[in-house]
Every structure is written in C-alpha cells, then in structure tokens.
Amino acid sequence: MPNRKSQIIARRTLLLAVMVLGIGLLPGGARALDHSQPVNIGVLTIAWGTVPAAETLRKGLAELGYRENVDFAIGIRFTQGRSQELHQGALDLVQAGSDIIFATGGVPALAAQRATTRIRIVFSVETDPVAMGLVRSFSRPGGNVTGVTDRTIELSGKRLQLFRGMVPRLRKVLFLYEAGNATYQAQARAYSDAARRLGLELIERIARTEEEVRQALRGLKKQEIDGSVSPWNIELNIPGDILEASTQQKIPAIFSFLNFVEIGGLASYGPSLRTAGRLAARMMEKIFRGTSPGGIPVEVNTDIEFAVNLKTAKALGLTIAPELLYQATHIVR
C-alpha cells in the first residue's frame with residue numbers, strides 16, 4: 001500500500017492537474033487566447049447579412065494593429081429577421097469553434113448567453129443589459145459577457161420631436177413592432193409618452209409574422225397615418241418593409257440608424273453603429289490579451305447621429321427647415 005507521503009503527493013498532483021485543466025473552462029477564459037492561429041470571432045445577428053457594427057469591428061481591430069486572417073478571422077451567422085432561429089445560430093457558432101461571439105442586438109445577445117457559459121461574448125445592445133440579465137452590473141459584468149449599450153429607447157422622445165419638425169402635417173404616427181418583444185414594448189411606452197407631450201397620436205400595431213407585417217402596411221391609407229417610426233432592430237424585417245411602404249405610398253418614416261437613410265429613408269436619429277463596433281474592438285483587444293469579459297466594464301455608446309435624405313424629402317413633398325439641417329450629422333443629397 002502507498003505510504004502517507006506518496007498519498008499526499010498524488011493528491012497534490014491531481015489537484016494541480018484539475019486546476020490546469022480548469023483554467024480554460026473558467027467563464028470567459030482566464031488566460032490569453034492562443035495566438036498561434038487567428039482568433040475566431042463569430043458574429044450573431046438577426047440581419048440578412050453583414051451589419052455596420054460588424055464591419056466597424058473589423059476596421060477597429062485593424063486600427064489597433066490586428067491583421068484579419070492572421071490575428072483574427074470573422075464569420076457571420078445571420079437569421080434573416082427570424083428571432084426564433086437565433087438560439088440555433090448561437091449553437092452553430094459554438095460548434096464551429098468560435099473563440100469570441102459578437103452579438104449585435106439584445107435578442108441575439110441573450111441567445112448567445114443561453115448557448116454558452118464558456119465562450120467569451122461581447123454584445124452591442126439597445127437597452128439596459130442589467131435589466132435584461134446579460135450582466136450583473138455595468139462596472140462588473142461578471143461571467144463570460146460584456147459589451148456596448150446605447151440609449152435608443154431614451155432617444156425616442158427626441159426622435160419623435162425631430163420627426164414632427166420635418167413633417168408639419170404630422171398628427172398620427174404608426175409604431176409597428178414585433179409582438180412579445182419587451183424592448184419594443186418599452187419603446188412603445190416611450191413613444192406614447194412623447195406623443196402626448198407633442199400633441200400627437202401614437203397608433204400601435206403588433207405583428208407575429210412577416211406576413212402580418214406586410215398585411216398591416218399594405219392596408220395603410222395616407223389619411224389613416226401621417227408617418228411612421230421604425231423599431232430599433234430588424235425582427236420580421238419591419239424596418240425594411242416600412243422603408244418600402246414609405247417609398248411606394250409616400251408616407252414619411254424615421255428610423256433609428258443611418259444605414260436606412262443611406263438607402264432611401266427620410267431620416268434617422270440614434271446611436272452610431274460604427275462607433276459601437278469600434279468600442280467593441282477595444283474590448284476584444286483586452287480579451288485577446290487575456291482579460292475575462294466579466295472584468296471589462298460595459299461601455300455606453302454616446303455617439304448620436306441625426307441623418308436626413310434630401311432626395312427622399314423632395315420626393316415626399318417636404319422642405320426641411322434650415323435649423324433642422326443644421327443639427328444633422330449626415331445629409332444625403
């Protein structure tokens with residue numbers, strides 16, 4: 001039988017082995033990533049393809065000196081507006097060997113969090129990540145998750161105010177959003193409060209499928225609404241269908257992000273997705289160097305963009321006041 005001394009040595013050896021193996025299993029990883037091969041970043045988005053935040057993440061990492069396909073590689077899993085497919089999309093990124101998951105939006109971030117407690121997650125979300133259960137606090141997120149948040153919901157009142165300034169006849173405003181989405185329900189309350197202050201009527205409509213979205217917009221008549229505000233994210237392709245309806249039916253619409261103005265929307269007011277990508281790149285650099293996401297404070301994106309498309313305004317018969325154009329950070333002519 002082994003003597004007492006050999007038993008103690010064996011136990012210490014076993015304990016050391018468990019500790020060494022456990023390092024890679026700690027939430028978010030407690031050691032630096034293996035840089036002998038590119039760090040795999042899996043982007044999870046509900047979009048139809050690449051998104052501005054992901055593109056700027058790529059550029060942000062390059063600005064920090066990291067080379068794509070040498071130091072890092074980015075792969076995107078998008079679900080084309082279908083939120084119910086996000087969980088499987090997150091699992092696909094886990095199974096594909098992602099070292100970090102970059103989730104663009106609150107619903108994708110929650111899907112990533114449910115899919116793994118081991119792989120590092122960086123999010124870009126539109127609401128309070130503490131209230132969503134993504135992190136414990138802004139200063140100490142904990143676990144394997146950190147990221148960037150913004151004030152999209154808080155900006156709802158200002159967005160509606162700018163919209164009224166651009167559309168003098170504005171009285172009835174449509175807000176069409178996905179049923180059961182807590183973020184959009186909060187945004188609906190914010191719009192409703194702002195509408196009362198501004199003397200407007202907010203008309204809420206909910207949809208559960210893409211077909212319901214299309215039916216709701218096809219049935220609109222110009223005398224029923226004077227304009228529409230688009231939800232933040234693109235579940236059920238609501239912003240895309242609102243843009244199409246606005247073009248075909250000559251109904252003004254305002255969006256949360258610049259990219260919709262660049263492709264024909266009248267206006268947008270909201271946080272810069274490009275800045276969100278740069279902030280996320282800074283966080284990923286810390287993760288590259290071995291910092292656990294749970295120890296990286298959540299950052300707030302305070303870069304707000306107000307964009308106006310003058311071509312669209314002309315097509316809608318609108319003349320934008322000079323004082324509003326002066327406030328714009330982007331003008332499409």
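Structural data are supplied above this passage.
Okay, so let's go over this structure. All figures in this text were calculated on a predicted structure; none of them were measured in a lab. (Residues numbered from 1 in each chain as written. Predicted model: local features only at pLDDT ≥ 70, side-chain atom pairs only at ≥ 80, totals over all residues. Heavy atoms only, no water.)

## What about the pattern of salt bridges?
Item 1. Inspection of the entire model under this criterion finds 12 salt bridges.
Item 2. Glu68 serves as the salt-bridge partner of Arg58, at 2.9 Å between the closest nitrogen and oxygen. Taken together, the residues Arg58 in helix 2 (residues 52-63) and Glu68 in the loop between helix 2 and strand 2 (72-78) connect sequence positions 10 residues apart.
Item 3. A relative accessible area of 33% means that Glu68 is categorised as partly exposed.
Item 4. The shortest N-O distance in the salt bridge between Glu285 and Arg289 comes to 3.6 Å.
Item 5. Through salt bridges that share partners, Glu210, Glu211, Arg214 and Arg218 make up one connected network. (Salt bridge = Lys/Arg side-chain N within 4 Å of Asp/Glu carboxyl O. Helix = DSSP H or I, 4+ residues; strand = E, 2+ residues; numbered from the N terminus. Buried < 20%, exposed > 50% of the residue type's maximum accessible area, 1.4 Å probe, protein only.)

## A few points about the packing of helix 3 (residues 86-95) against helix 4 (residues 106-115)
Item 1. Relative to each other, helix 3 and helix 4 sit at 55°, their axes nearing to 8 Å. Between helix 3 and helix 4, the angle is such that the two are oblique. Along this stretch, helix 3 crosses helix 4, giving a crossing that reads as right-handed. Each of Leu86, His87, Ala90, Leu91 and Val94 in helix 3 lies in contact with helix 4, whose residues at this interface are Val107, Pro108, Ala111, Ala112, Arg114 and Ala115.
Item 2. The residue makeup of the contact of helix 3 with helix 4, split by class, is nine nonpolar, one polar and one charged. (Axes fitted to C-alpha atoms, helices over the stretch in contact; angles between N-to-C directions. Parallel < 35°, antiparallel > 145°, perpendicular 65-115°, else oblique. Left-handed = near helix turned anticlockwise from the far one by under 90°. Contact = heavy atoms within 4.5 Å. Nonpolar A, V, L, I, M, F, W, Y, C, P; charged D, E, K, R; others polar.)

## Some details on the environment of Leu273
Item 1. As for its position among the elements, Leu273 is in helix 11 (residues 273-288).
Item 2. Residue Leu273 is classed as buried on the basis of its relative accessible area, which comes to 17%.
Item 3. Spatially, the C-alpha atoms of Leu273 and Leu258 are 8.4 Å apart, while their sequence positions differ by 15 residues.
Item 4. Once residues within four sequence positions are removed from consideration, Leu273 is found in contact with Pro52, Ala53, Phe257 and Asn259.

## Quick notes on the nonpolar core
Item 1. Ile41, Leu57, Leu61, Phe102, Met284 and Phe288 are the most contacted members of the largest nonpolar core, which has 64 residues in total.
Item 2. Residues Met166, Tyr184, Tyr269 and Ala313 belong to the second largest nonpolar core, which totals 35 residues. (Core = buried A, V, L, I, M, F, W, Y, C linked by side-chain atoms within 4.5 Å.)

Function-wise, these values are silent; they only describe arrangement.
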